[in-house]
Structure formats: structure tokens, C-alpha cells
Amino acid sequence: MKSSKKLILFPMPGNEIFGAKAAMNIGAEIGKCEISRFPDEESYVRILSDVKGKSAVIVCTLHKPNEHFLPLYFVCKTLRQNGVKDICLAAPYLAYMRQDRIFRPGEGVTSEFFGEIISSFVDSIITIDPHLHRHKSLGEIYGITNFVVHAADHISEWIKKNVRNPVIVGPDEESGQWVKDVAVKANAPFTVLEKTREGSRSVKVSVPHLDNYSDHTPVLVDDIISTAHTMIETVKRLKGAVMNSPVCIGVHPIFAENAYSELLDAGAKRIVTCNTIPHISNDIDVSNLFTEFLMR
Ligand code: R5P
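What you see is a predicted model, and the numbers here were worked out from it, not measured in a lab. (Residues numbered from 1 in each chain as written. Predicted model: local features only at pLDDT ≥ 70, side-chain atom pairs only at ≥ 80, totals over all residues. Heavy atoms only, no water.)

1. Some thoughts on the overall build of the chain
In terms of helices and strands, the chain carries eight helices and 16 strands. For the chain, the C-alpha radius of gyration of 20 Å lies close to 19 Å, the compact-globule estimate for 296 residues. Each principal axis of the C-alpha distribution contributes one length, and for the chain these read about 65 × 50 × 35 Å. Residue burial in the chain is summarised as follows: out of 296 residues, 52% are buried. Summarising the internal contacts of the chain: among those between residues at least 6 apart in sequence, 64% fall at separations of at least 24. (Helix = DSSP H or I, 4+ residues; strand = E, 2+ residues; numbered from the N terminus. Rg over C-alpha atoms; globule rule 2.2 N^0.38 Å. Buried < 20%, exposed > 50% of the residue type's maximum accessible area, 1.4 Å probe, protein only. Contact = heavy atoms within 4.5 Å.)

Right, here's the structure in full:
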């Protein structure tokens, strides 16, 4: 890829590998900056590259958003101060999408608050499979140029190469959108279950009807794996319904606390994720998904 002198990409800490791949795909210079913490935990930011008149791409995945947000904000503001032309936030994982309505009196719709604040300091945003449920498009909450890309092609390719006789299982109604897409692309049958969430770590999943697929390998597909309780309950429900242990695939591997080992202990044969968040389970590289939008 020919290098574009006007495009400069800054990977935030932890995004270096994904950022290097994305920069190579679009022929961007990798920007140099210092980001560190003072002993009192305030953030320090210093831009070392010449950014004047350039378009900047900031690669920053937003798991643990409270920790990652302020350095991101400071980098963007400092880039502006240094004369950058415009800023695109390339966020492989976009946080705060699930609080998309008031569930209990007194709550705030934090997905909208987060959208407002991000939209106030970058010019555009691109992200992979954001959790769009009650908000039907990212544009409803991000008032800037926005672009959503999907990991379905990459996931279905992985399934075709690695799983013999798969049946795709979605744990809840919300997963239906990408489960159907993945299944069609992988030429596999699919089923979508019903989930009731009673708390962060308490979910109930309906019994799967897989009588015609008892010799298939179930492949659970969901966008986010956080506490993994959605996947764990689904794995438990599959016991007895199918002969083979399930493969679990997530787009965004958050894996809060011991979620990863708990899912393995529950009986997942293999856990595979996209590299939207760095994790030991990353086996599906989606870094080329940003290329088309960033090249525009
Ligand atoms: C919500 O409906 C999402 O699609 C996921 O199913 C959910 O975020 C998974 O969360 P957890 O791993 O905590 O059950």
C-alpha cells in the first residue's frame, strides 16, 4: 500500500497491533506520542509527530471505557491544538451501547450521553458491530459521520475452515441479526433462543430444539462476551440436546474477571473471538474492516 502523507494513525495504548495492521492497510504513517500516568494517576499526553494539516485516525478500543476515555479525549484535544485537520475515531469495540433505555426509574440513557460526548471532539467514528438494539442505527446517538462494519464474513469463514457440520446458535433475540447472517454465509442451519436477564450475572436461556441436528457441532455466536453468563447458560442448555461440545464465538471479548475460565469450565470445547479487544482467544483478525472507510 502506498503511504499517504496526509493520513496519520495513532494507536492508543493496547491498540498497537491492531493499529499497525490498520495503518498498513490504508498506507498511513504511524504517529508518535507519549501517553503515561503521573504518580497521582492523572494522564500525561504529548504529541511528537508533525500533525499540522493531516487527517488523524485514532485507534482506540473502548472496553474498560472509564479508564480509556480520558487519555483518548486528551490526545484528540492535543491533536487539535497541534493543528490536525480532522480526527476519525476507529473504535473496534464501542462501549456504553447496552444502556439504550431507562430500565428503572432514575437511570440515564448512558449510550446517548456517551455518543454526545464522543461526537463533541472527533469528526467521524467507525466501529465494528456496535450493540444496536433499541437504537436502530449509530446515527441516532452519534451526531457525526459514522460507519458501522460487521465481522460476519470473517466469522463465517472461520467456521467454514474450522468446524465440521456446524449448527449456529444465538443465545437471545438480539443476537438474531448476526447469527442469521453468519449462518447464511457459512451455509449452516441456525436457531435463536430466548433469554431473560435478571441481573448482570443472572440469565435464563430457553431450551434449544435441535432434534434434527443432534450430530452437529453447536457454534454459539454473540456480539459481546462480558460476564459470559449468557454463553454459560446456553452451553448448559445444549447438554443433552447435542452430542458434540459447543464452540463459542464472540465479536467483542470483554471477559470480565474470571469469565473466560468459567466458560471453559462450563463445557465450551473452544472459545474463539475477533481481535476487537486483545485477548488470548483472538483467532479472527478483523483489522481490515476499517480499510474502505478510512481510505475515503
Ligand atoms: C446483550 O444482549 C449482548 O448481546 C450479550 O448477549 C451480552 O452482553 C452478554 O453479556 P454477558 O456475557 O455478561 O452475559
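There's more to say after this.
2. Some remarks on unusual backbone geometry
With a phi angle near 45°, Lys64 is a residue other than glycine that sits in the positive phi range. With respect to the helices, strands and loops of the structure, Lys64 is situated in the loop between strand E5 (55–59) and helix H2 (65–81). The backbone of Asn165 sits at a positive phi, close to 55°, despite the residue not being glycine.

3. A few points about the site of the ligand
Surveying the vicinity of the ligand reveals 15 residues, the closest of which are Arg98, Asp222, Asp223, Thr227 and Thr230. Note that an oxygen atom of the ligand is positioned 3.1 Å from one of the side-chain N or O atoms of Lys195. Between the ligand and Arg197 there is a distance of 3.0 Å, counted from an oxygen atom to a side-chain nitrogen or oxygen. Isolated, the ligand exposes 370 Å² of accessible area, and the fraction of that covered by the protein chains is 96%. (Near = heavy atom within 4 Å. Polar contact = N/O pair within 3.5 Å; in protein donor to acceptor, adjacent residues only side chain to side chain. Areas by Shrake-Rupley, 256 points an atom, 1.4 Å probe, with all protein chains shown as cover.)

4. Concerning the sheet that holds strand E16 (residues 282–284)
The strand order E10-E9-E13-E14-E15-E16 describes an open sheet built from six strands, whose pairing is parallel. Across the chains shown, the open sheet's two edge strands, defined by having one partner strand only, are strand E10 (190–192) and E16. When the angles between neighbouring strand axes are averaged without regard to direction, this sheet yields 35°. Relative to strand E13 (residues 217–225), strand E9 (residues 166–170) is paired through four bridges, and the arrangement is parallel. Among the inter-strand pairings, Ile168 is bridged to a residue of E13, identified as Val219. Sheet contacts for helix H6 (residues 229–238): E9, E13 and strand E14 (247–253); angle to E13, the most-contacted strand, approximately 165°. (Pairing = 2+ DSSP bridges. Axes fitted to C-alpha atoms, helices over the stretch in contact; angles between N-to-C directions.)

Read these as spatial facts, not as claims about activity.
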